Amino acid sequence: MGEQNNVAVDVSALGKQLWLIKVPKNLENALLKAPKNSPVGTLTVTRQSGKKPVMKFEPSGSVLNAKSGQPDGQALCVAEHYSLDPVSVDRQTLSVFSETDTPPMEVESGSSGKEHGVSPVSALGSVRIEGCIKTRGEMRPPKSTSYLKLKVQEFKQQNIPTKLTKLTSEVNNYKPRAHAINTMGLAAHKGQQQQARVREEVGVVRDRIFKAFELHQYYNIQDLQKKTGQPVNYLKEILTQIADYNTNPPHRFTWELKPQYRHYGSST
């Protein structure tokens, strides 16, 4: 079996009766922001014969004036008084314990504490039972217009964006330009190309084609159009008279001069 560690627990305050009170979130934040060791408020108990006692909690000035942690330093939404309805806890066993950083006894350096009867856990701090919970309750804010105004103000503060856009330098404003201005140059260039491709005489175009085929045996229609500068349809009409169109590999989709127009030197 595993090793068991015995932790020393101080149970001298086990018979002390405590109250467990649930507080609103805003009041909790205000209590945490209040100065240490300062009074947090006053609890007033009004007893009436034959009725349950009426309890009212009034926060102190330090709690009412507690500021939020936001940069604007707004005060927290805390009401001037709260009602408390306590209920006895009989069917449950609830306890409160605390742990401090002070060990219950000094432990020599390099020692694990087992020689003194203290476990490593208890050597880190002492555990103490603060008491048993016998009464529990919940603080409720008043149903008044003043508290509703505080809640409205709180909701407005929560809706304020935490990140805002800030201009660090001047912004250069540019006037919008129409898309047609950017395309006018391309349209003019295309127009010049179309004007340049004017049908010339058949003999002139044939001479250009023959001159091109002196360099290569096969040409596609796009390359011939660049060399002759003629429209595609007009160029095809002339090619059908002096060249053949290859539809089979390895020179598929290319033009080649007809045999009677070929003049290639014999390979040496």
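Look a little higher up for the structure.
To start, this report covers the structure provided alongside it.

Rules used in this analysis
- Residues numbered from 1 in each chain as written.
- Predicted model: local features only at pLDDT ≥ 70, side-chain atom pairs only at ≥ 80, totals over all residues.
- Heavy atoms only, no water.
- Axes fitted to C-alpha atoms, helices over the stretch in contact; angles between N-to-C directions.
- Helix = DSSP H or I, 4+ residues; strand = E, 2+ residues; numbered from the N terminus.
- Parallel < 35°, antiparallel > 145°, perpendicular 65-115°, else oblique.
- Left-handed = near helix turned anticlockwise from the far one by under 90°.
- Contact = heavy atoms within 4.5 Å.
- Nonpolar A, V, L, I, M, F, W, Y, C, P; charged D, E, K, R; others polar.
- Expected span 1.5 Å × (residues − 1).
- Buried < 20%, exposed > 50% of the residue type's maximum accessible area, 1.4 Å probe, protein only.
- Arc of directions from axis to C-beta.
- Phe/Tyr/Trp six-rings, centres within 6.5 Å; stacked < 30°, edge-to-face > 60°.
- Salt bridge = Lys/Arg side-chain N within 4 Å of Asp/Glu carboxyl O.
- Core = buried A, V, L, I, M, F, W, Y, C linked by side-chain atoms within 4.5 Å.

Some points on the packing of helix α6 (residues 202–213) against helix α7 (residues 221–228)
- At a minimum axis distance of 10 Å, the contact between α6 and α7 shows a crossing angle of 120°. Taken together, the axis directions place α6 and α7 in an arrangement best described as oblique. The interaxial crossing formed by α6 with α7 has right-handed handedness. From α6, R208, I209, A212 and F213 reach across to α7, where they touch L224, K227 and T228.
- Within the contact of α6 with α7, the residues separate by chemical class into four nonpolar, one polar and two charged.

So, the packing of α7 against helix α8 (residues 232–242)
- At a closest axis distance of 10 Å, the pairing of α7 and α8 adopts a crossing angle of 100°. Between α7 and α8, the crossing angle belongs to the class labelled roughly perpendicular. Along its contact with α7, which presents I221, L224, Q225 and T228, the element α8 presents V232, L235, K236 and L239.
- Among the residues making up the contact of α7 with α8, the classes are represented as five nonpolar, two polar and one charged.

Examining the side chain of T254
- Relative to the helices and strands, T254 is located in strand β10 (residues 254–257).
- Those residues in contact with T254, other than ones at most four positions away along the chain, are Y218, Y219, N220, D244, Y245 and N246.

Quick word on α6
- With 12 residues, α6 should cover 16 Å at 1.5 Å per step; its first-to-last C-alpha distance of 16 Å lies within 8% of that length.
- If you check which residues of α6 are buried, you get V205, I209, A212 and F213. For α6, the angular spread of the buried residues around the axis is 95°, confining them to a single face. Structural note: α6 exposes D207 and K211 on the side pointing more than 90 degrees away from its buried face.
- Where α6 is buried, its residues meet α7, α8 and β10.

Quick notes on unusual backbone geometry
- Cis geometry marks the peptide bond from P249 to P250; its omega dihedral reads 5°.
- Looking at where P250 falls in the secondary structure, it is placed in the loop between β9 (243–246) and β10.
- Of note, N37 is a non-glycine position whose phi angle comes to about 60°, a positive value.
- Position of N37 among the secondary structure elements: in the loop between α1 (25–33) and β3 (41–46).
- We classify N37 as exposed; its relative accessible area is 85%.

Considering the packing of aromatic side chains
- Counted under the stated rule, the structure contains three aromatic pairs.
- With centroids separated by 5.1 Å and ring planes inclined at 50°, the aromatic side chains of Y245 and W255 adopt a geometry described as tilted. Of this pair, Y245 sits in strand β9 while W255 is found in strand β10, placing the two residues 10 residues apart along the sequence.
- Judged by its relative accessible area of 41%, Y245 is partly exposed.
- Its relative accessible area of 8% is what places W255 among the buried residues.

Overview of the side chain of T135
- Turning to its location among the elements, T135 is positioned in strand β8 (residues 127–140).
- On the basis of relative accessible area, T135 is assigned to the buried category, the value being 14%.
- Leave out the neighbours within four places in its chain, and T135 touches L18, W19, L20, P86, V87, S88 and V89.

Some thoughts on the pattern of salt bridges
- Tallying each qualifying case throughout the model produces eight salt bridges.
- In this structure, K56 engages E58 in a salt bridge whose closest nitrogen and oxygen atoms are separated by 3.5 Å.
- The class for E58 is partly exposed, based on a relative accessible area of 33%.
- Linking E138 and R140 is a salt bridge whose minimum nitrogen-to-oxygen distance equals 3.9 Å.
- Judged by relative accessible area, which is 35%, E138 ranks as partly exposed.
- Several salt bridges share partner residues, and in doing so they unite D10, R128 and E130 into one network.

Focus: the nonpolar core
- Core analysis: the largest hydrophobic core is formed by 15 residues, its most contacted members being I209, F213, L224, L235, L239 and W255.
- Elements that contribute at least two residues to this core include exactly α6, α7, α8 and β10.
- The biggest single contributor to this core is α8, with five residues.
- Each residue touching W255, except ones within four places of it in the same chain, is listed here: F213, Q217, Y218, Y219, I221, L224, L239, T240, A243, D244 and Y245.

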